Amino acid sequence: MAKQPRPSSESTEDEPATVGKGKPTPTRKEREAANQRPLVSNDRKNASKEARAKMAQARERARAGMAAGEEKYLTARDKGPQRKWIRDYVDARFSVGEVLIPVMFLVILLTFFDERVQLLGIAILWTFFLAAIIDGVILGMLVTRKLTAKYGAEHLQRGNRWYAAMRGMQLRVMRLPKPQVKRGQYPS
């Protein structure tokens, strides 16, 4: 291997040569003094106000991340690709359980009327309740079958049926993480 000539390190007379970093190295005493902060602030009222503001900002960031479905902010129950698939599948379909809470509210209003109207309201409530349970069981079976086809039986998370049924029982607008798909947009 032939040696290549080294570039000249001579500086021109126009620009002065700087050596080192251009300032003296701080002593240990100066560095320790710069790093020293009191463990408890002298102004406790102001310090607690700042701590509360930081915590509120962190909680708001976590709430917004959870609502948006960001994996980093999800609870352990909601994490993972299978749970995301279940959320998208449940959010894409209509579930009978979604109307259970409005029906319960209607039954409460019907209790102010005649006894026959009250009995009718209770019968309607029990009918919806039974229909929601049947819909939840069917939803759980569908989710299990489709996840088994996609991920394999040995790789399924535990509790997928329950997770799907409970998400299906919630009003769509109250679900967390918020629905990421429109009705009819089933996941692949």
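This is a predicted model, so every value here is computed, not measured.

Participant: Provide a residue-level description of the environment of arginine 63, including the pertinent values.
Facilitator: Here arginine 63 shows up in helix H2 (residues 44–68). Note on arginine 63: relative accessible area 48%, which makes it partly exposed. With 113 residues separating them along the chain, arginine 63 and leucine 176 place their C-alpha atoms 9.6 Å apart.

Participant: I'd like a rundown of the nonpolar core, residues and numbers included.
Facilitator: With nine residues, the main nonpolar core is built from Trp85, Ile86, Tyr89, Val90, Leu139, Val143, Leu147, Tyr163 and Ala164. Residue assignment for this core shows that the elements contributing at least two residues are helix H3 (81–92), helix H5 (115–151) and helix H6 (160–169). Considering each element in turn, this core owes the most residues, four residues, to H3.

Participant: How would you sum up the pattern of salt bridges? Please name residues and give values.
Facilitator: Evaluation of the coordinates by the stated rule reveals 10 salt bridges. Of the charged contacts, one joins arginine 28 and glutamate 32 as a salt bridge, the two residues approaching to 3.1 Å between their closest N and O atoms. In this pair, arginine 28 and glutamate 32 both sit in helix H1 (residues 28–35), four residues apart, roughly one turn of the helix. Note that glutamate 98 is salt-bridged to arginine 175, the shortest N-O span being 3.2 Å. In this pair, glutamate 98 is assigned in the loop between H3 and helix H4 (100–110) and arginine 175 in the segment after H6, connecting sequence segments 77 residues apart. Because the salt bridges share partners, they merge into one network encompassing Asp91, Glu98, Arg167, Arg175 and Arg183.

The rules behind the values
- Residues numbered from 1 in each chain as written.
- Predicted model: local features only at pLDDT ≥ 70, side-chain atom pairs only at ≥ 80, totals over all residues.
- Heavy atoms only, no water.
- Helix = DSSP H or I, 4+ residues; strand = E, 2+ residues; numbered from the N terminus.
- Buried < 20%, exposed > 50% of the residue type's maximum accessible area, 1.4 Å probe, protein only.
- Core = buried A, V, L, I, M, F, W, Y, C linked by side-chain atoms within 4.5 Å.
- Salt bridge = Lys/Arg side-chain N within 4 Å of Asp/Glu carboxyl O.

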